[in-house]
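Here is what each chain is made of, one letter per residue.
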Amino acid sequence: ELQQSVTLAHELHAKIRREMVHGVDNEIGRAVEDILRRKLGERGAEAFLSSGVAGASAGSTEDVKCLHAWLGDYLFRGPALVGMEDGCSDVDASVAMGYAVAQALIDRGVDVSGTDGCQSLCDPSSNSQPLPPRPRNKQRLKTGKEIARRKRRTEEARREGE
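Caption draft 1: Layout of the packing of helix α1 (residues 2–22) against helix α2 (residues 26–50). With their axes 8 Å apart at the nearest point, α1 and α2 run at an angle of 140° to one another. Compared by their axis directions, α1 and α2 come out oblique. Two secondary-structure elements touch here, α1 through A14, R17, R18, V21 and H22 and α2 through N26, G29, R30, V32, E33, L36, E46, F48, L49 and S50. Looking at the contact of α1 with α2, its residues break down into 6 nonpolar, 4 polar and 5 charged.

Structure, rendered in structure tokens:
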């Protein structure tokens, strides 16, 4: 079932990507496709246009890539397809992989429903500015601490020289 889910989702993403490139105006779509072919080459452009979730290879059932991409696909498309609004438990086959990721997180106590303010970061009409990302490893933290220490020492030395 998950292999079928992966295949269906990859096909859907490729279809959506092609529709976005061609849009409602075929002339603009051809121009965009020409740019893609110039930038990526013939094979690269075709790979881009036919790739699935998170750029996964077309037709691959084993190319799952990042689980966060599947979760994002599910959160974007899935809840309505799963039928959460009416209590239905049937899962649309194309979101089964993302649904499995979401359920694993929920089982671990992770709230995947977002926060009161998180939607404002995705809303183009919002004036909210996202916070800069926090350092994710000790080296980055150390670098930040080192920069602050250097600034402090420079400022102390400047005050002593006055």
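Caption draft 2: Fine view of helix α4 (residues 96–107). The end-to-end C-alpha distance of α4 is 16 Å, a good match for the 16 Å that 12 residues give at a rise of 1.5 Å each. Along α4, the residues that are buried comprise A96, M97, G98, V101 and A102. Positive phi shows up at G109, right after α4, with a value of about 90°.

Caption draft 3: View of the confidence of the model for the protein. Averaged over all residues, the pLDDT of the protein equals 78, while 76% of them reach at least 70. At the level of individual helices and strands, the protein shows its lowest average pLDDT in helix α5 (residues 119–122), which scores 66, and its highest in α4, which scores 89. Across residues 83–89 the pLDDT falls below 50, and counting only partners more than four positions away or on other chains, this stretch makes 7 contacts in the model.

Caption draft 4: Up close: the packing of aromatic side chains. Inspection of the entire model under this criterion finds 1 aromatic pair. Where Y74 meets Y99, the ring centres are 5.8 Å apart and the plane angle is 70°; that geometry is what we call edge-to-face. Taken together, the residues Y74 in helix α3 (residues 67–82) and Y99 in helix α4 connect sequence positions 25 residues apart.

Caption draft 5: Molecular detail of the nonpolar core. In this structure, V6, A9, V53, V64, A69, W70, L71, Y74, V95, M97, V101 and A102 together form the largest nonpolar core, which totals 12 residues. Broken down by secondary-structure element, the contributors of at least two residues to this core are α1, α3 and α4. By residue number, the principal contributor to this core is α3, which donates 4 residues. Ignoring sequence-local partners within four residues, the contact set of M97 consists of L2, S5, V6, V64 and W70.

Caption draft 6: Fine view of the side chain of D73. The residue D73 is located in helix α3 in this model. Setting aside chain neighbours within four positions, we find D73 in contact with A9, H13, G78, S94 and V95.

Caption draft 7: Quick look at the pattern of salt bridges. For the structure shown, the criterion picks out 6 salt bridges. Among the ionic pairs, K15 bridges to E19, the shortest N-O distance being 3.8 Å. Pair noted here: K15 and E19 are both in helix α1, with a separation of 4 residues, about one helical turn. Across the salt bridge formed by E46 and R18, the nearest N and O atoms sit 2.4 Å from each other. Linking E46 in helix α2 with R18 in helix α1, this pair joins segments that are 28 residues apart in sequence. A relative accessible area of 29% places R18 in the partly exposed class.

Cut-offs used in this document
- Residues numbered from 1 in each chain as written.
- Predicted model: local features only at pLDDT ≥ 70, side-chain atom pairs only at ≥ 80, totals over all residues.
- Heavy atoms only, no water.
- Axes fitted to C-alpha atoms, helices over the stretch in contact; angles between N-to-C directions.
- Helix = DSSP H or I, 4+ residues; strand = E, 2+ residues; numbered from the N terminus.
- Parallel < 35°, antiparallel > 145°, perpendicular 65-115°, else oblique.
- Contact = heavy atoms within 4.5 Å.
- Nonpolar A, V, L, I, M, F, W, Y, C, P; charged D, E, K, R; others polar.
- Expected span 1.5 Å × (residues − 1).
- Buried < 20%, exposed > 50% of the residue type's maximum accessible area, 1.4 Å probe, protein only.
- pLDDT = per-residue confidence, 0-100.
- Phe/Tyr/Trp six-rings, centres within 6.5 Å; stacked < 30°, edge-to-face > 60°.
- Core = buried A, V, L, I, M, F, W, Y, C linked by side-chain atoms within 4.5 Å.
- Salt bridge = Lys/Arg side-chain N within 4 Å of Asp/Glu carboxyl O.

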